[in-house]
There are 6 protein chains.
Amino acid sequence: MRPSERSPDSMRTVTIERGVAKHAEGSCLIRFGDTHVLCTASLEERLPPWLRGQGRGWVTAEYGMLPRSTHDRSQREAARGKQGGRTLEIQRLIGRSLRAVCDLKLLGERQITVDCDVLQADGGTRTASITGGWVALAECIGWMRERNMIDLNPLTDHVAAISCGIYKGTPVLDLDYAEDSSAETDANFVMTGSSGLVEVQATAEKTPFSQGEFLDLLSLASKGIGELVEMQKKALA
Amino acid sequence: MRPSERSPDSMRTVTIERGVAKHAEGSCLIRFGDTHVLCTASLEERLPPWLRGQGRGWVTAEYGMLPRSTHDRSQREAARGKQGGRTLEIQRLIGRSLRAVCDLKLLGERQITVDCDVLQADGGTRTASITGGWVALAECIGWMRERNMIDLNPLTDHVAAISCGIYKGTPVLDLDYAEDSSAETDANFVMTGSSGLVEVQATAEKTPFSQGEFLDLLSLASKGIGELVEMQKKALA
Amino acid sequence: MRPSERSPDSMRTVTIERGVAKHAEGSCLIRFGDTHVLCTASLEERLPPWLRGQGRGWVTAEYGMLPRSTHDRSQREAARGKQGGRTLEIQRLIGRSLRAVCDLKLLGERQITVDCDVLQADGGTRTASITGGWVALAECIGWMRERNMIDLNPLTDHVAAISCGIYKGTPVLDLDYAEDSSAETDANFVMTGSSGLVEVQATAEKTPFSQGEFLDLLSLASKGIGELVEMQKKALA
Amino acid sequence: MRPSERSPDSMRTVTIERGVAKHAEGSCLIRFGDTHVLCTASLEERLPPWLRGQGRGWVTAEYGMLPRSTHDRSQREAARGKQGGRTLEIQRLIGRSLRAVCDLKLLGERQITVDCDVLQADGGTRTASITGGWVALAECIGWMRERNMIDLNPLTDHVAAISCGIYKGTPVLDLDYAEDSSAETDANFVMTGSSGLVEVQATAEKTPFSQGEFLDLLSLASKGIGELVEMQKKALA
Amino acid sequence: MRPSERSPDSMRTVTIERGVAKHAEGSCLIRFGDTHVLCTASLEERLPPWLRGQGRGWVTAEYGMLPRSTHDRSQREAARGKQGGRTLEIQRLIGRSLRAVCDLKLLGERQITVDCDVLQADGGTRTASITGGWVALAECIGWMRERNMIDLNPLTDHVAAISCGIYKGTPVLDLDYAEDSSAETDANFVMTGSSGLVEVQATAEKTPFSQGEFLDLLSLASKGIGELVEMQKKALA
Amino acid sequence: MRPSERSPDSMRTVTIERGVAKHAEGSCLIRFGDTHVLCTASLEERLPPWLRGQGRGWVTAEYGMLPRSTHDRSQREAARGKQGGRTLEIQRLIGRSLRAVCDLKLLGERQITVDCDVLQADGGTRTASITGGWVALAECIGWMRERNMIDLNPLTDHVAAISCGIYKGTPVLDLDYAEDSSAETDANFVMTGSSGLVEVQATAEKTPFSQGEFLDLLSLASKGIGELVEMQKKALA
């Protein structure tokens, strides 16, 4: 029995609210239950120096948590003077995931920065960030196409992500914080709209897991990501 | 004529939404027009080392802007590795303002941290932070009193803040970004519910201002802060 | 009765010694009683990148305190690896104050950096820095004019600053450290030679202050700044 | 055809040389072809403050590359003033992998730090670090048992790691740099001596991969890790 | 012929002014010609954690240059966020030199920090700092003895320092900046009042130097340090 | 009697192994007994901005110790976020020493960075770094000459370094850690192949030393460096 009383293969209620940031070229507020992430996509007409002159653009991501998005207040990274290892790891993952479905040559020499800021956390912030980040990116690209800045759509597919885990011996989909903090195994899957795998990360938190258990998680993830892609489509419609 | 077509002594629409953060002991989302600030108050049962053993508590504040809360994306302070001078100045101001109406001895040896994070900026983020920060603080203190952690209310009064400025020669109340960026003089006033002055900061952005002009700004501010205190009361009712 | 036995409206003895730094284009050692600040103005023929190509120059300021300028030794900011919030706040104030009386277009694409280093502190270091910083800046501009680097004088007026406060219920001029550390209200005023206000900063350290009290402080400040401007004139004569 | 002319399922020559660091409680130099990593295990009788008093020890890891271990010299992280995101990600992975096979209660309140320093890099430095780090850790634990510092062996199993990837359409084992830099998919597997999975990380570098391809990689990894565990046994014999 | 027209074995005019810092337990302003260093000694009744409980005290030094003490303005180390290698090297040298003549057991568990801040630089700032730092330290120890904080004098001897160099082929004493910047060899000697060597540092700036040349420099230094020790005695008398 | 039972004027066994780093243009592993330093020379076809356009190249050095190269593990400088004062001091010394025998004009506008990383420490790491660093630099220059990148040899001489000290009253050559940590005086000498002095650094660790003692150390160093230069010649042969 899951703490939330969800069945093993059901996700939390997911909502995607678009156009929430007045200044950004693309934005959404995505909610996975009590996990709320504000995603913005910011277009800049210039690249960092090391990417210039190669005839292609760049998509990058940054991630942050508000200090009291968590159960206990955590120190503000700006005050501490550096981003932690977990933050760097997550923002690298978001950036790689979004670039996996973006033809950077079609962007031109421009950079899009997707900021994912966690307003409230209850597990699954990195997967919500990828799923919502893609919507903000798509909105930004729509904004560019309306202005005829690019002819062809650089987005080659959807990308979305979900966590799975083994909780009290049972493989379950979309861990909330109560499950995440006591799961035996914790995994994150990033997949495209056409079911291609982009990233797989699985970690034994307590005891090693078997190949069979791993395949169960993969199967749950496929189901969940299929549903998320449908929600992305609806949000953009 | 103001860009927003407001009269010189009218504020933007202000709303205060309480209880917006699941984990925090106190919180609100305050909006001054398109300026939106998420304020949380976090209670900790311990003080930083240099404040221990003095029989009193502490109220402190931190301030941040999401990278794309502004018209152009600004660099994330956590990524840059330090908080800028403006951020430090603002968070010191918020903390001083809140402590001015708080009897720290009645708090006991506890710390309350008020985080003010700007989700969207359109001028006046520091005054919105003080006004909303007080509401989050009051909610946190209510939370403590419900649990009988303290007997007497440490809050001695309301505190709220508003900006004023001289825009195209006319003293106006509550500058938005369009006005702020071209005003001749920019001032911030922090006052209590009983009209006591807590902080006054006025800066000539272009040409020095006269004592008469300054008194006009002070008078506008008194009016505005009176209205803000009423809204705080309504929000807490 | 003030600890120094001064009357409420009298300043400490102020002296300004010019030409104290062999290498600098402008310099002075300014003393407000036991507060001693070494001010230098350094001319550079280049601007930081973000200011280039706009047909105007820049005046900026930096502020520091020697570790044992204070009663107890304070940590060296260079060793601590960053400038504190108070330092950043003060150097921003000095820079803004000096730029308020400087026509940057007449400077040409050059930068003048005014360094204010506190050799000994006894209250009022920021106001001494502004008052002395202006003298160093004026000496530097004289140096440039002697060399025909500029035709017209970019300085449009004098600028000087003084602190005031409410000490044991009485408004007093030019707080020394003993008064500053126990005053109910502490204010700093920056004004031009023609009595225009450039910056006003007033803070209730203990209890809020009334508008009447504030006007008393403003009146004391006007008197004091008038005297400081006379001393600047004498120093430059 | 692989650049090294290896068959798809064959690893590079792996050697493990023990006892290479005079001062360390455990150490080895592990070579995967031209990838050379010096691993040391350092025992300290004290824990960091946040781990004290919980009746258990800690195993942590740090990772670094010598500046010219790589084809082009990379900047020294100590000179740059911070560890990069990749470094933090790798050292977190090594630490988690080693703790997965260590009963921290049996260690007592002690910390073992495993340092993995890459002397020469040719792909697969993180997997060599985990495989060699386990040998250094085991040697350190042997050192403790010889001195009767602990009765029972805290190590519950072997742990080793290997990379796999899809190179020109073919799943291959143990990528060297030439393959790694042009592989379509890159994966790292961490497994125990009894074939339990500890960590799985797979990334589509160019195009998404299918579940079938992923299973091929998993199967190659199982074979490779089996061989590595045999080498660990031989090294410790 | 030296730029200053001094003979090879003559120093610049040296003056030592005591008691220049109101707050410090010991202080002096030392001048070697146009090189001016403000030295303060600050007594603290507590040691840094790693030195506690060993029944002895500590003497340490910090060094800094005001940004415009030099011919061209140099960046403020506090603003740059770290002390440079040269600064760290010099302050380590000053601390070692002072400790060489101080019996730390007689100090008790206290720390004295000697701050040497260069107000104006014209070569030889490190040797002026050591020579003046010793005077500030001696004054601080006198202050302690007047208050009966210690019975016996922890200072076992004088210590002073001087630079020498080979300038246009001639060994000369006490290089000023004009000589220092073009000398073939540059050396600093630290010696006690009884002619014992404490530190020797010699560097070939252009071409290697011979043992004979080195002995000439040593002989000049002995002469100079003898004179400096006499000045220290006079200053303390 | 020395702990190692060496006679006062005998060095530890020194070996120099060349070509140990696959990627570097020059490299060696130098051992002074149990002190092992990996030295690499990295050629870059570009200079840092402040050295460009002056018609000459640059040779610089960086130094680091692996965390467990020492008896007790020391903190990784990359993790601590900065290089310590000792590290900066040593790498400046290595760089100066190498440049003393290199005609930078003959290098062309190129930079060679010599990295000296201590794999195992037992005293004398800085002198081993200079001696081995020269071999790596010479190998790198040979590599350039084979490719006809330069016509003339920029190396004007050998350079090598050795430590000496006064241990239990006796001047001895090449201190190991046991001697270094209890020597009364510790000195490092850097000399060329033709016996010219490049750097002399001597420090009284306990009691000042006399000129006679210093000359004994200088004489021991001359003997030692003569032997080291022979080994460099043999290594390069």
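Residues numbered from 1 in each chain as written. Chains lettered and ligands numbered in written order. Predicted model: local features only at pLDDT ≥ 70, side-chain atom pairs only at ≥ 80, totals over all residues. Heavy atoms only, no water.

### Brief notes about the sheet that holds strand β4 (residues 58-65) of chain F
Residue and element names in this part refer to chain F.
No. 1: Taken together, five strands build an open sheet; the order of strands is β1-β2-β3-β5-β4 and the sheet is mixed. Because the sheet does not close on itself, it has two edges, and the strands there are β1 (14-18) and β4. The mean angle between the axes of side-by-side strands here comes to 20 degrees, regardless of whether they run parallel or antiparallel.
No. 2: Inspection of the sheet shows strand β3 (residues 35-44) paired to strand β5 (residues 111-120) by nine bridges, in the antiparallel sense. Bridge pairing in β5 places V37 opposite V118.
No. 3: Against the sheet, helix α4 (residues 125-146) engages β1, β2 (26-32), β3, β4 and β5, with an angle of about 35 degrees to β3.
No. 4: Across the sheet, helix α6 (residues 211-236) is in contact with β1 and β2; its angle to β1 comes to roughly 25 degrees. (Pairing = 2+ DSSP bridges. Helix = DSSP H or I, 4+ residues; strand = E, 2+ residues; numbered from the N terminus. Axes fitted to C-alpha atoms, helices over the stretch in contact; angles between N-to-C directions. Contact = heavy atoms within 4.5 Å.)

### Digging into the pairing of strand β2 (residues 26-32) of chain E
No. 1: Counting buried residues in β2 of chain E gives six out of seven residues, a clear majority hidden from the surface.
No. 2: Connecting β2 of chain E to the antiparallel partner strand β3 (residues 35-44) of chain E that follows it, the hairpin turn spans two residues, and G33 of chain E within it adopts a positive phi of roughly 60 degrees. (Buried < 20%, exposed > 50% of the residue type's maximum accessible area, 1.4 Å probe, protein only.)

### A word on the packing of helix α6 (residues 211-236) of chain E against α6 of chain F
No. 1: Following both chains from N to C, one finds α6 of chain E and α6 of chain F inclined at 160 degrees, their axes separated by 13 Å at the closest point. The pairing of α6 of chain E with α6 of chain F is recorded here as roughly antiparallel in orientation. Note on packing geometry: the crossing formed by α6 of chain E with α6 of chain F is right-handed. Here Q211, F214, L215, L218 and S222 of chain E of α6 of chain E come into contact with α6 of chain F, specifically with Q211, F214, L215, L218 and S222 of chain F.
No. 2: Classifying every residue of the contact of α6 of chain E with α6 of chain F by side-chain character gives six nonpolar, four polar and no charged. (Parallel < 35°, antiparallel > 145°, perpendicular 65-115°, else oblique. Left-handed = near helix turned anticlockwise from the far one by under 90°. Nonpolar A, V, L, I, M, F, W, Y, C, P; charged D, E, K, R; others polar.)

### Section: the interface of chain A and chain B
No. 1: Across the contact, 36 residues belong to chain A and 36 residues belong to chain B.
No. 2: Carbon and sulfur atoms supply 48% of the area that chain A and chain B bury against each other, a total of about 2700 Å² over both sides.
No. 3: For D115 of chain A, the salt bridge is made with R76 of chain B, and the minimal N-O distance between the two is 2.7 Å.
No. 4: The tally of links from chain A across to chain B stands at 24 residue pairs in polar contact (both at pLDDT 80 or more).
No. 5: Counting only elements with at least two residues in the side of chain A that touches chain B, the list comes to β3 (35-44), β4 (58-65), α1 (77-80) and β5 (111-120) of chain A.
No. 6: With six residues, β5 of chain A is the single largest residue contributor to the side of chain A that touches chain B.
No. 7: Its residues placed into classes, the side of chain A that touches chain B shows 14 nonpolar, 11 polar and 11 charged. (Buried area = accessible area lost by both parts, 1.4 Å probe. Salt bridge = Lys/Arg side-chain N within 4 Å of Asp/Glu carboxyl O. Polar contact = N/O pair within 3.5 Å; in protein donor to acceptor, adjacent residues only side chain to side chain.)

### Section: the arrangement of the chains
No. 1: Looking at chain C next to chain D, you find no contact at all, with the nearest C-alpha pair sitting 12 Å apart.
No. 2: Between chain A and chain E there is no contact, and the shortest C-alpha to C-alpha separation is 12 Å.

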